[in-house]
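# Secondary and tertiary structure notes
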Amino acid sequence: MQLSQTTSRKLAAARDLLAVAAFCAAVFYGGRAFINSPYLQKERVTQREAAADIETFFRLAAETRPAPAAGETGPDLRALKAAAHAEAEARLDEFKRVTVRDLAFILYRAAAAFGESETRLLWQPRRKYRDPELKFPPFTAEYREGKFFIRRAADPALTGAELLQINGVASKDYIRPALERISGETPALRAWLFCRDQAFWWEFAALVAADKPLEIKARTGPGKTLARRAAPVTAGEFRRLSDRHAPQHKMIYSQSKLAWLQVYDLEASRNARRFNEFFFGEARTKGAQVLVLDLREAAVGERKEADRLAALITGFRSGTPAAKAFLLIGPGTGPAAAYLAARFRELGAGEILGGETGGTPAYFGDPETFTLPASGLKFSVASRRYPYPVSRPGGVPPDTVLTAELLRPFKGDLKAYIMKRTGVSAK
């Protein structure tokens, strides 16, 4: 079909307008990304600028975060601010300046003192995996059952062992400079978050001296204590020991009638809603009789999405009367996911397995993000309180605690353990 000259001119004009709009968007977003890139971050601020940023941080935190409820005590902002000013002054160089990194280190601790996940600093330095400096341990850590374990190590004998001491200091005390700067509702969640982001925390908190070997004491499964002296490693070598997280995924085993959903966050987005709705629809279509929602790494999220998932679980159970549902929780289960676990128990939707949640069902959420004017440091502050009955303080405990001993007859296979409990063949 041949277009008229008028229609052709209109289409050409629309094409040109779209091209101009696309160019402007590329310039705007590309320029903003370049300006905000780590390469252009300020390295130092003056004493006056650092003091002004500290004042701004605490003013915005006080204005944004809801006040404690009756009977609750919040952080002592006056004492925290005074401590931040004193530490910034102690870190001044000969020109009365403080590095942005040091200011971030100070404010990480101030944000963590609020005792919840959403009031936190968002700044991180650019990763330098080719840095030859030896400032990482020759192992990666994981947190479970209230203890730190060595997940992977350059020395195979240490892999899987409980990390008892580093340089003669108990593991929790050794990494305390990092733990006290991690925002979270409970010590368990902060410990888990340290392990999740340990590539950042080992270096940022300067936990490893580059010129000294590490004296490591660990306990293996049979109870044998190992003592090792090991040299620190580079960022690249540490990276090879680290796990890489997979994206959110689902697994539906038609033969065993099992539907398994791994949830890494409870983001209230259109994509998340569609993904979850499709998963439950597919599970019904394929005749799943066992539903498993794994929330053990869902450290962040929103209550809106937790309510949606609770409704989907209820709908699945009502549409499949014989179905059994399990919720997996642990120290990495953040506040929104902990709320979902509490709702799951209230609804009598199924059984909760794992360890106590690191997050609490009563929490502060809906963070607002700010940028400090002098240093450019970004941080978020919770703007809303999500209460929960006082009768449920702390994290949500499981119905059954999953331990290594419990899973040993199944060779650590959690899927086989669940299938055994349901009486369904694990094919």
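The written sequence of each chain sets the order in which its residues are numbered from 1. The predicted origin of the model limits local features to residues at a pLDDT of at least 70 and limits the giving and counting of side-chain atom pairs to 80 or more, whereas totals for whole chains, interfaces and linings rest on all residues. Excluding hydrogens and water, the side-chain values take into account all heavy atoms of the structure.

## A look at the pattern of salt bridges
As a reminder, the rule being used: Whenever a carboxyl oxygen of Asp or Glu lies within 4 Å of a side-chain nitrogen of Lys or Arg, that contact is scored as a salt bridge. Only DSSP runs of H or I covering at least 4 residues are called helices, and only runs of E covering at least 2 are called strands; the numbering of each starts at the N terminus. Three labels apply to residues, based on accessible area from a 1.4 Å probe with only protein chains included: buried if under 20% of the type maximum, exposed if over 50%, partly exposed otherwise in between.
Here the structure, examined in full by the defined rule, presents 29 salt bridges. Between lysine 81 and glutamate 55 there is a salt bridge; the shortest N-O distance is 3.3 Å. In this pair, lysine 81 is assigned in helix H3 (residues 77-90) and glutamate 55 in helix H2 (residues 47-64), connecting sequence segments 26 residues apart. Accessibility expressed as a relative area gives 26% for lysine 81, which makes it partly exposed. Taking the relative accessible area as the measure of exposure, glutamate 55 reaches 36% and is therefore partly exposed. Note that arginine 109 and glutamate 180 form a salt bridge whose closest N and O atoms lie 3.7 Å from each other. Of this pair, arginine 109 sits in helix H4 (residues 100-112) while glutamate 180 sits in the loop between helix H6 (176-179) and helix H7 (187-196), and the two are 71 residues apart along the sequence.

## Let's talk about unusual backbone geometry
The residue asparagine 167 is not glycine, and still its phi comes out positive at about 55°. By secondary structure assignment, the location of asparagine 167 is in the loop between strand E6 (162-166) and strand E7 (169-170). Its identity as a non-glycine residue notwithstanding, aspartate 366 has a phi of 50°, on the positive side.

## Examining the pairing of strand E15 (residues 324-329)
Here is the rule: A strand pair is defined by DSSP finding two or more bridges across the two strands. Looking down the strands as they point away from you, a crossover is right-handed if its path from the first strand over the helix to the second goes clockwise.
For E15, the tally of buried residues reaches 5 of 6 residues, placing the bulk of the element in the interior. Pairing between strand E13 (residues 290-294) and E15: 5 bridges, direction parallel. Counterpart to leucine 291 in the pairing with E15 is alanine 325. In terms of strand pairing, E15 meets strand E16 (residues 351-354) through 4 bridges, oriented parallel. When the bridges of E16 are listed, leucine 327 appears paired with isoleucine 352. Between the parallel elements E15 and E16, the chain passes through helix H12 (residues 335-346) in a crossover that is right-handed.

## Here we look at the confidence of the model for the protein
To keep things clear, this is the line we draw: Confidence scores labelled pLDDT are given residue by residue by the predictor and lie between 0 and 100. Between two residues, a contact is recorded if the distance between any of their heavy atoms is within 4.5 Å.
Confidence in the prediction of the protein, expressed as mean pLDDT, is 88, and 87% of residues score 70 or more. In this model, residues 29-39 is a region of pLDDT below 50 whose contacts with residues beyond four sequence positions or in other chains number 6 contacts.

## Here we look at the pairing of strand E8 (residues 214-219)
Side-chain positions along a regular strand alternate between the two faces of the sheet. Every second residue of E8 is oriented toward a common face, the buried set being Leu214, Ile216 and Ala218 and the non-buried set Glu215, Lys217 and Arg219. Two strands pair when backbone bridges link them, and E8 and strand E9 (residues 225-230) are joined in this way by 6 bridges, in the antiparallel orientation. Of the residues in E9, the one forming a bridge with lysine 217 is alanine 227. Turn length for the E8-E9 hairpin, with the two strands adjacent in sequence and antiparallel, is 5 residues, and the turn residue glycine 223 shows positive phi of about 100°.

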